[in-house]
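Each chain is listed here by its residues.
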Amino acid sequence: MSRRAVLLWLIGIGLAIVLAGYLGAIADPGVTRYRVALPGLSRPLRLVHLSDIHGSAWDMPEPRIARIVQQTNALRPDLVVITGDFHASKLINPKMRLEAALRPLTRLSAPLGVWSVPGNHDDPWWIRRVMQRFGLKLLAGELVDVGPLQIVGADDLILGQASITGFQRAAAGAIPGKPLIGLVHEPVLWRHLPANVDLLLAGHTHGGQIAGLGRFRMGEFYRAHQRGLFRNARGQGMIVSAGLGTTWVPMRIGAPAEIVVVELVPQPPGRNSGTER
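Please read all numbers here as calculations on a predicted model, not as lab measurements.

Reading guide: rules and limits
- Residues numbered from 1 in each chain as written.
- Predicted model: local features only at pLDDT ≥ 70, side-chain atom pairs only at ≥ 80, totals over all residues.
- Heavy atoms only, no water.
- Buried < 20%, exposed > 50% of the residue type's maximum accessible area, 1.4 Å probe, protein only.
- Helix = DSSP H or I, 4+ residues; strand = E, 2+ residues; numbered from the N terminus.
- Pairing = 2+ DSSP bridges.
- Patch = residues over 30% accessible without salt bridge, like charges linked within 9 Å, V, L, I, M, F, W, Y side chains within 5 Å.
- Areas by Shrake-Rupley, 256 points an atom, 1.4 Å probe, with all protein chains shown as cover.
- Salt bridge = Lys/Arg side-chain N within 4 Å of Asp/Glu carboxyl O.
- Axes fitted to C-alpha atoms, helices over the stretch in contact; angles between N-to-C directions.
- Contact = heavy atoms within 4.5 Å.
- Core = buried A, V, L, I, M, F, W, Y, C linked by side-chain atoms within 4.5 Å.
- Expected span 1.5 Å × (residues − 1).
- Phe/Tyr/Trp six-rings, centres within 6.5 Å; stacked < 30°, edge-to-face > 60°.
- Lys NZ or Arg CZ within 6 Å of the ring centre and 35° of its normal.

Caption draft 1: Molecular detail of the pairing of strand β9 (residues 199-202). Where burial is concerned, the two faces of β9 agree: the one with L199 and L201 and the one with L200 and A202 are both buried. As defined by bridge partners, strand β8 (residues 180-183) adjoins β9 across 3 bridges and the pair is classed as parallel. Each residue of the ladder has a partner; that of G182, found in β9, is L200.

Spelled out as structure tokens, the structure:
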């Protein structure tokens, strides 16, 4: 085989991989379901977890976000949470304002509200200003009681120790014995989880985004907590979502986008808290 033929063959393979990755990036998200038993919960609740929207003209334009909102509402959630990274973060990024990524989210509907935390690609000041303008609720170092349970959110780790301190301080104000859900963007906050948080929801990893390459870029902790449900020695749970959008390049290979549905159920008396797929 001539050099030219080899070169053309390699170019063809490369283009096929890029096309497959792009088609994976724009594919409708699947729905991943978990069931979590929470001590102190009075009735079953359906929580829908979105993450890493990364609004972008490449693969996450406003109409696509609107379709994801429709898909989410069709799941009839009691509560919707979004764990950060609303803004685009591509190497070559056609202009898309943060407002375009947030506007469709105003149509999310859940009786117990829609609650969010910022991510590492969200400017700490600008995300607060724009979300406030749209009436979207951001929990960054704050605690809220929504009736059947409490939610505590962390600011992103781009703020350093202040994020951890604020998260722990807010959790300390929770009502004892009432279920407490934690929202963070980066799963590494699992290492600093307050003892009273029953379940932590996180994103950031994109499930690796590109199989193999994603794992290569991640540190040891993220390779071990790339996507799925985890438990620590105290029985606390963490669910890491593969998210919806993409970072750096608009490609997903072997790491499909997902909407996470968590069926929260009361923990039977005399049993330890538990989680299962």
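Next comes the rest of the write-up.
Caption draft 2: Summary view of a nonpolar patch on the surface. Side chains of M1, V6, W9, L10, I13 and I17 sit close together on the surface and give an oily, nonpolar patch of about 640 Å² of accessible area. Along the polypeptide, V6 turns up in helix α1 (residues 3-26).

Caption draft 3: Layout of the sheet that holds strand β7 (residues 150-153). Read across the sheet, 6 strands follow the order β6-β7-β8-β9-β11-β10 without closing on themselves; strand pairing throughout is mixed. Because the sheet does not close on itself, it has two edges, and the strands there are β6 (142-145) and β10 (228-231). When the angles between neighbouring strand axes are averaged without regard to direction, this sheet yields 20°. With 4 bridges joining them, β6 and β7 adopt antiparallel strand pairing. Bridged to D145 within β7 is Q150. Of the strands in this sheet, β6, β7, β8 and β9 are in contact with helix α5 (residues 161-172), which crosses β7 at around 160°.

Caption draft 4: Main features of the nonpolar core. If you look at the biggest cluster of nonpolar residues, it comprises 28 residues, and the most contacted ones within it are I82, F86, L102 and L105. Among the secondary structure elements, those contributing two or more residues to this core are β2 (45-50), α2 (62-74), β3 (79-83), α3 (98-102), α4 (124-134) and β12 (258-266). Ignoring anything within four residues of it in the chain, the contact list for L102 reads F86, I127, V130, M131, F134 and L136.

Caption draft 5: Structural detail: α5. End to end, α5 covers 17 Å across 12 residues, agreeing with the expected 16 Å (1.5 Å per residue, within 8%). As for α5, its buried residues are in contact with β6, β7, β8 and β9.

Caption draft 6: Molecular detail of the packing of aromatic side chains. Here the structure, examined in full by the defined rule, presents 2 aromatic pairs. Both rings, one in W125 and one in W126, keep their centres 5.7 Å apart while their planes meet at 35°; by these two values the pair is tilted. The exposure class assigned to W125 is exposed, which follows from its relative accessible area of 55%. Taking 5.5 Å as the distance between ring centres and 85° as the angle between the ring planes, the aromatic pair formed by F221 and Y222 counts as edge-to-face. The exposure class of F221 is buried, given its relative accessible area of 12%. The class of Y222 is buried, set by a relative accessible area of 16%. Here the guanidinium or amino end of K137 rests over the ring plane of W115, the centre of that ring lying 4.8 Å away.

Caption draft 7: Highlighting the pattern of salt bridges. A complete count under the given rule lists 8 salt bridges for this structure. Its salt-bridge partner being D145, residue K178 comes within 2.9 Å of it at the nearest N-O pair. With K178 in the loop between α5 and β8 and D145 in strand β6, the pair connects residues that are 33 residues apart, well separated along the chain. Looking at K178, the relative accessible area reads 23%, which means it is partly exposed. Close ionic contact of R227 with E258 constitutes a salt bridge, the shortest N to O distance being 2.9 Å. Linking R227 in the loop between α7 (220-224) and β10 with E258 in strand β12, this pair joins segments that are 31 residues apart in sequence. Each member of the salt-bridge network shares a partner with another, and the members are R33, R46 and E263.

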